[in-house]
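Remarks on the overall topology
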Amino acid sequence: MSEQPSTAPASQPWPEGVIARYLTAAGATVDLKADETKPHHIDSAECTGCGFQIGWGSEHYARQDAQTHAERCRALPKPEAQQ
Ligand SMILES: [Zn+2]
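Residues numbered from 1 in each chain as written. Predicted model: local features only at pLDDT ≥ 70, side-chain atom pairs only at ≥ 80, totals over all residues. Heavy atoms only, no water.

Our next topic: the coordination of the zinc ion. Six octahedral donors around a metal ideally sit at 90 or 180 degrees from one another, while four tetrahedral donors ideally sit at 109.5 degrees. Every protein donor of the zinc ion is accounted for by C47 (SG), C50 (SG), H69 (NE2) and C73 (SG), and the metal-donor separations fall at 2.0 to 2.4 Å. Taken together, the 4 donor atoms coordinating the zinc ion and their angles of 103 to 116° define a geometry best described as tetrahedral. Between consecutive donors of the zinc ion, the numbers of intervening residues give the motif C-x2-C-x18-H-x3-C. Linking C47 in strand 3 (residues 41–47) with C73 in the segment after helix 1 (59–72), this pair joins segments that are 26 residues apart in sequence. The same class applies to C47 as to C73, namely buried. (Donors = N, O, S within 2.8 Å, 3.2 Å for Na, K, Ca; no water. Tetrahedral: all angles 85-135°; square planar, octahedral: opposite > 155°, others 65-115°. Helix = DSSP H or I, 4+ residues; strand = E, 2+ residues; numbered from the N terminus. Buried < 20%, exposed > 50% of the residue type's maximum accessible area, 1.4 Å probe, protein only.)

Our focus in this paragraph is the nonpolar core. In terms of nonpolar packing, the biggest core is built from 12 residues, these being A20, Y22, V30, L32, I42, A45, C47, I54, A62, A66, A70 and C73. Going through the elements one at a time, strand 1 (18–23), strand 2 (29–34), strand 3 and helix 1 are the ones with two or more residues in this core. Excluding its chain neighbours within four sequence positions, the residues that come into contact with I42 are I19, L32, K33, A34, D35, I54, G55, W56, G57, E59 and A62. (Core = buried A, V, L, I, M, F, W, Y, C linked by side-chain atoms within 4.5 Å. Contact = heavy atoms within 4.5 Å.)

Further remarks concern unusual backbone geometry. In this structure, H40 is a non-glycine residue whose phi angle is positive, near 65°. For H40, the position within the fold is in the loop between strand 2 and strand 3. Judged by relative accessible area, which is 62%, H40 ranks as exposed.

Let's shift gears to the environment of W14. Within the fold, W14 resides in the segment before strand 1. Accessibility expressed as a relative area gives 43% for W14, which makes it partly exposed. Residues W14 and D31, 17 residues apart in the sequence, show an inter-C-alpha distance of 8.8 Å. Setting aside chain neighbours within four positions, we find W14 in contact with I19, A20 and R21.

Looking now at the pairing of strand 2. For strand 1 and strand 2, the ladder comprises 5 bridges, and the chain directions are antiparallel. If you follow Y22 over to strand 2, its bridge partner there is V30. Between strand 1 and strand 2, which pair antiparallel and follow one another directly, the connecting turn spans 5 residues, one of which, G27, has a positive phi of 100°. Connecting strand 2 to the next strand, strand 3, in antiparallel fashion are 6 residues, including H40 with a positive phi near 65°. (Pairing = 2+ DSSP bridges.)

Below is the structure:
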């Protein structure tokens, strides 16, 4: 068995705390992180393409913002650092 690293966001494990991930038009993601102290709220959200951020707030509205941003954002995700 050989391990083939994949760059597809959908096949990568999600970072800890991420409860929702939206794929942007360019293949980056908008990651929503839960606020563990308050149900149905997010701690923050960030686009891995352009750095767009959503601050603390209702998960419901954060999901809408993330969805809207993901549909419009065309910034490519930053490549992994060379090893
Ligand atoms: Zn973006």
